Each structure stands twice: as structure tokens, then as C-alpha cells.
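Summary of the model geometry
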Amino acid sequence: MQRGCKRYTGCLSRCSLSPFSKAMPLPDTMFCAQQIDIAQELPDILKNFTKAAVRTQPEDLLLWSAAYFTALSKGERLPVKDRLELNVTHKTDSAMTPGLLKTLHKQLSIRETCSEEELREKWRGLCLPTDQLETLLSLGSFGSDIDWMEFFALGCSSLGETLISSLKVACELLTEDEEGGPARIPFDIFVKLYTYLAHLEGDMPQDHIDNFLGSLQAQVELQCGMIKPLDFIHLEDTNPTASYLSNFSTKNPIKS
């Protein structure tokens with residue numbers, strides 16, 4: 001060995017070219033806290049997302065998650081229920097719930113009308129069945145622009161057993177009163193919903209519609225133009241006009 005030359009120590013066996021290197025696992029990459037850049041808002045985003053998923057209980061978590069983050073990125077109303085609905089059974093033919101209909105209302109009631117495309121997008125984001133949407137669209141004979149409150153009325157009729165109970169659902173979803181309160185809504189909105197559903201029934205005479213609304217007028221005036229379910233629920237049993245209302249669900253295509 002020449003003077004000044006270093007002796008070979010076998011280091012080649014530890015380099016990547018060595019035939020023995022495959023048998024030796026590479027060390028795990030180590031990072032320190034200073035090397036990882038975590039967006040400051042990420043923890044809150046994930047926390048809010050998790051709480052929203054628990055409240056909404058979507059049928060398809062991935063589909064709903066895509067709708068959630070799409071709405072979040074656009075600054076739109078999120079597809080999130082106000083609270084967890086207990087004892088709600090999802091059926092393949094009727095997955096609508098009060099909480100989901102209220103969520104749809106928050107998303108689409110910004111304008112008087114919405115496009116069918118918008119409705120389908122929000123409907124799909126809440127994992128609601130397409131067949132039910134097709135039934136509602138067919139029943140309402142909607143065009144390209146959909147009157148949202150008319151569609152909302154049909155949604156309420158899918159949740160109520162009678163026209164009266166459908167109107168009660170509408171009051172509970174539209175009210176600004178606290179949960180468990182009187183569930184008041186403006187009378188003009190009530191008139192629009194009631195008249196639309198009554199005409200949809202087909203054989204309800206106009207004088208019955210007028211008589212029913214007229215019987216509520218005095219109480220509405222005492223309540224500054226507002227109406228609550230207690231003002232009309234009892235009429236189903238005491239007012240002959242309401243006999244048409246109690247039979248609404250028996251001919252309602254949504255219920256068939």
C-alpha cells in the first residue's frame with residue numbers, strides 16, 4: 001500500500017450501489033416542528049367540518065363532503081342541518097326530513113326562483129334520492145325557473161299527512177321563533193303556501209279556500225299579520241271547510 005493512501009474500510013457496502021443495501025431499511029425521515037408548515041385555519045376548518053358531519057348525518061359522507069367544501073370555498077350556505085335529528089329513519093323512496101328541507105330552504109331561498117340545475121346540485125349534495133326530486137318536479141310542472149316557495153310547499157306536503165299538517169310543518173321550518181315557541185310566520189306567506197297546495201289538490205272549490213282563509217283573518221289581525229299553527233290546526237275538526245284539507249294526503253301523489 002502506498003504511503004498517504006487511506007485503507008479501504010468496506011464503506012461501499014453501505015452506499016446505494018451495494019448489493020446489500022436492499023436488505024437495510026432506510027431511516028425514517030425526521031421532521032421538527034419548525035419544518036412543518038400548517039395553515040393557521042386548518043384546525044378550525046376540520047373541527048367545523050366534523051361537527052357539521054355529525055349534525056347532518058349524510059347518507060353518503062364523501063358526496064356530502066364534496067358539496068360542503070365546494071359551498072365553503074364559494075362562500076355559499078353550507079349543506080348543514082341546524083341540529084342533529086333524532087329518530088329519523090331514512091327510506092329509499094322518501095329520505096326527506098324537516099331538517100334537510102330547512103337546509104335546502106336556507107340554500108335556495110335567497111332569490112324567489114332557482115334554476116333546476118341549482119336545485120339538483122343542492123339536492124344531490126344532501127344525498128337525497130333522485131326519484132323523490134323527479135316526483136316533486138313532475139307534480140309541480142315546473143319550468144327551467146322554479147318558484148322556490150312552491151317547491152318548498154311540495155316538500156312540506158311530503159312530510160305532512162294532511163294539508164293542515166303540511167302547513168304546520170311549513171310554519172315550524174320558516175318561523176324565526178325559538179324552537180318550541182309558537183312558530184309564527186307572516187300570513188301572506190301562509191296564504192301563498194296554502195293556496196298553492198289547495199289548488200294542486202284539484203277539486204277544492206275556490207269558495208272553500210276563501211272561507212278557510214277568511215276564518216283566520218281576525219286572529220291574524222290581533223297578531224300583527226302573523227299566524228301560528230294553533231290558529232288553524234283545530235279547524236280541521238271544527239270547520240266543515242277543512243274536510244277537504246284532511247283528505248289531502250289520500251290523493252297526494254307524493255304519498256302514493
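This one's a predicted model, so the numbers in the text were calculated from it and none came from an experiment.

Concerning the layout of surface pockets
Considering only enclosed or pocket space, the largest pocket measures out at about 520 Å³ in volume. At the level of elements, α3 (98-108) and α7 (163-174) are the ones that each hand at least two residues to the lining of the largest pocket. Taken together, the residues of the lining of the largest pocket break down into six nonpolar, five polar and 10 charged.

Let's talk about the environment of Ile45
Note on placement: Ile45 falls in helix α1 (residues 42-56). In sequence terms Ile45 and Leu72 are 27 residues apart; their C-alpha atoms lie 9.7 Å from each other.

Considerations on the nonpolar core
Phe151, Phe152, Phe190, Tyr194 and Phe232 are the most contacted members of the largest nonpolar core, which has 50 residues in total. Put simply, the parts of the chain that give this core at least two residues each are α3, α4 (116-125), α5 (130-140), α6 (148-159), α7, α8 (187-201) and α9 (206-222). Among the elements that take part in this core, α7 stands out by supplying eight residues, more than any other. Phe49, Trp64, Tyr68 and Val80 belong to the second largest nonpolar core, which has seven residues in total.

Section: the environment of Asp231
As for its position among the elements, Asp231 is in the loop between β4 (226-227) and α10 (235-238). The residues touching Asp231, leaving out its near neighbours within four places in the chain, are Leu216, Gln219 and Gln223.

With respect to the side chain of Thr103
With respect to the helices, strands and loops of the structure, Thr103 is situated in helix α3. If we ignore the near neighbours within four places in the chain, the residues touching Thr103 are Leu78, Pro79, Val80, Lys81 and Leu126.

Quick notes on the packing of α7 against α8
At their nearest, the axes of α7 and α8 sit 11 Å apart, and the two run at 145 degrees to each other. With respect to the hand of their crossing, α7 and α8 are arranged in right-handed fashion. Only Ile189, Phe190, Leu193, Tyr194, Leu197 and Ala198 of α8 make contact with α7, whose side of the interface consists of Leu163, Ser166, Leu167, Ala170, Cys171 and Leu174. By residue class, the composition of the contact of α7 with α8 is 11 nonpolar, one polar and no charged.

Some thoughts on α5
Of the residues making up α5, those classed as buried are Gln132, Leu133, Leu136, Leu137, Leu139 and Gly140. Mapping the buried residues of α5 onto a view down its axis gives an arc of 165 degrees, with all of them on the same face. Seen from the open side of α5, the exposed residues pointing more than 90 degrees away from its buried face are Asp131 and Ser138. Those residues of α5 hidden inside the fold are in contact with α4, β2 (145-147), α6 and α8. One or two residues past the end of α5 sits Ser141, with phi positive at roughly 50 degrees.

A word on the confidence of the model for the chain
In the predicted model, the chain carries a mean pLDDT of 83, and 76% of its residues have values of at least 70. In this model, residues 11-21 is a region of pLDDT below 50 whose contacts with residues beyond four sequence positions or in other chains number six contacts. Scored below 50 in pLDDT, residues 238-251 shows 29 contacts in the model against residues more than four places distant or in partner chains.

Conventions adopted
- Residues numbered from 1 in each chain as written.
- Predicted model: local features only at pLDDT ≥ 70, side-chain atom pairs only at ≥ 80, totals over all residues.
- Heavy atoms only, no water.
- 1 Å grid on protein atoms, 1.4 Å probe; cavity = no way out; pocket = protein on both sides within 12 Å on 5 of 7 lines; lining within 4 Å.
- Points joined across faces, edges and corners; volume = space filled by probe spheres on them.
- Helix = DSSP H or I, 4+ residues; strand = E, 2+ residues; numbered from the N terminus.
- Nonpolar A, V, L, I, M, F, W, Y, C, P; charged D, E, K, R; others polar.
- Core = buried A, V, L, I, M, F, W, Y, C linked by side-chain atoms within 4.5 Å.
- Buried < 20%, exposed > 50% of the residue type's maximum accessible area, 1.4 Å probe, protein only.
- Contact = heavy atoms within 4.5 Å.
- Axes fitted to C-alpha atoms, helices over the stretch in contact; angles between N-to-C directions.
- Left-handed = near helix turned anticlockwise from the far one by under 90°.
- Arc of directions from axis to C-beta.
- pLDDT = per-residue confidence, 0-100.

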